[in-house]
Amino acid sequence: MEEVTEGVNNLAITEPHKKNRIQVSNTKKPLFFYVNLAKRYMQLHNEVELSALGMAIATVVTVAEILKNNGLAVEKKIMTSTVDVKDDSRSRPMQKAKIEIVLGKTENFDDLMAAAAEEREAAAADGEEQS
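Residues numbered from 1 in each chain as written. Predicted model: local features only at pLDDT ≥ 70, side-chain atom pairs only at ≥ 80, totals over all residues. Heavy atoms only, no water.

Draft legend 1. View of the overall build of the chain. What the chain contains, in helices and strands, is four helices and four strands. Along the chain, helices (α) and strands (β) appear in the sequence α-β-α-β-α-β-β-α when read from the amino end. Across the 131 residues that make up the chain, the buried fraction comes to 26%. If you take every contact in the chain between residues at least 6 apart in sequence, the share linking residues at least 24 apart comes to 69%. Element-wise, carbon and sulfur atoms account for 50% of the exposed surface of the chain, whose accessible area totals about 9600 Å². (Helix = DSSP H or I, 4+ residues; strand = E, 2+ residues; numbered from the N terminus. Buried < 20%, exposed > 50% of the residue type's maximum accessible area, 1.4 Å probe, protein only. Contact = heavy atoms within 4.5 Å. Areas by Shrake-Rupley, 256 points an atom, 1.4 Å probe, with all protein chains shown as cover.)

So, in structure tokens, the structure goes:
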């Protein structure tokens, strides 16, 4: 039993959970959930890492392109790889494509976010006046 405990204590975690990583699924949340979450992460950490496997890769690329086209983000790094995924119904592991895109803030990110917040406040005020 001591050997097991010692082995667990000596395990080196090769990839610790990063605070600025978003693991994207193509089934769990709508696209703009990830866009807005990435904006918030960039506000907090100055950059965000979007990560996805398999069919969710298209969602990650779309999120990154929306942020870039709106002038909010710049690409810092794109990494692709394959990972072995264990499936209970199959005896051997299945390989899935993986992508990781690191985006950083643009110089005018804070100005654009402030302008968007002002627009939301103005729209909310207009909505209250009409009711």
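Draft legend 2. Spotlight on the pattern of salt bridges. Applying the stated criterion across every chain, the model contains six salt bridges. Salt-bridge contacts for Arg 21 lead to Glu 49; the nearest nitrogen and oxygen are separated by 2.9 Å. Remark: Glu 49 occurs in strand β2 (residues 47-53) and Arg 21 occurs in strand β1 (residues 21-23); sequence separation between them is 28 residues. According to the relative accessible area criterion, Arg 21 is buried, its value standing at 9%. (Salt bridge = Lys/Arg side-chain N within 4 Å of Asp/Glu carboxyl O.)

Draft legend 3. Layout of the sheet that holds β2. One open sheet accounts for four strands, arranged β1-β2-β4-β3; its pairing is mixed. Edge strands, defined here as strands with exactly one partner in the open sheet, are β1 and β3 (73-85). Averaged over all neighbouring strand pairs, the angle between strand axes comes to 20°, with direction disregarded. Across seven bridges, the pairing between β2 and strand β4 (residues 94-105) is antiparallel. Paired with Glu 47 across the bridge in β4 is Gly 104. Lying on the sheet, helix α2 (residues 31-45) is in contact with β1, β2, β3 and β4; it crosses β2 at an angle near 140°. On the sheet, helix α3 (residues 57-69) packs against β2, β3 and β4 and is oriented at approximately 10° with respect to β4. (Pairing = 2+ DSSP bridges. Axes fitted to C-alpha atoms, helices over the stretch in contact; angles between N-to-C directions.)

Draft legend 4. How the structure looks around the pairing of β2. Within β2, five of the seven residues are buried, which leaves it mostly tucked inside the rest of the structure. Here three bridges tie β1 to β2, and the two strands are oriented parallel to one another. Its bridge partner being in β2, Ile 22 is matched across the sheet by Leu 50. Handedness of the β-α-β unit built from β1, α2 and β2 comes out right-handed. (Right-handed = clockwise from strand over helix to strand, strands pointing away.)

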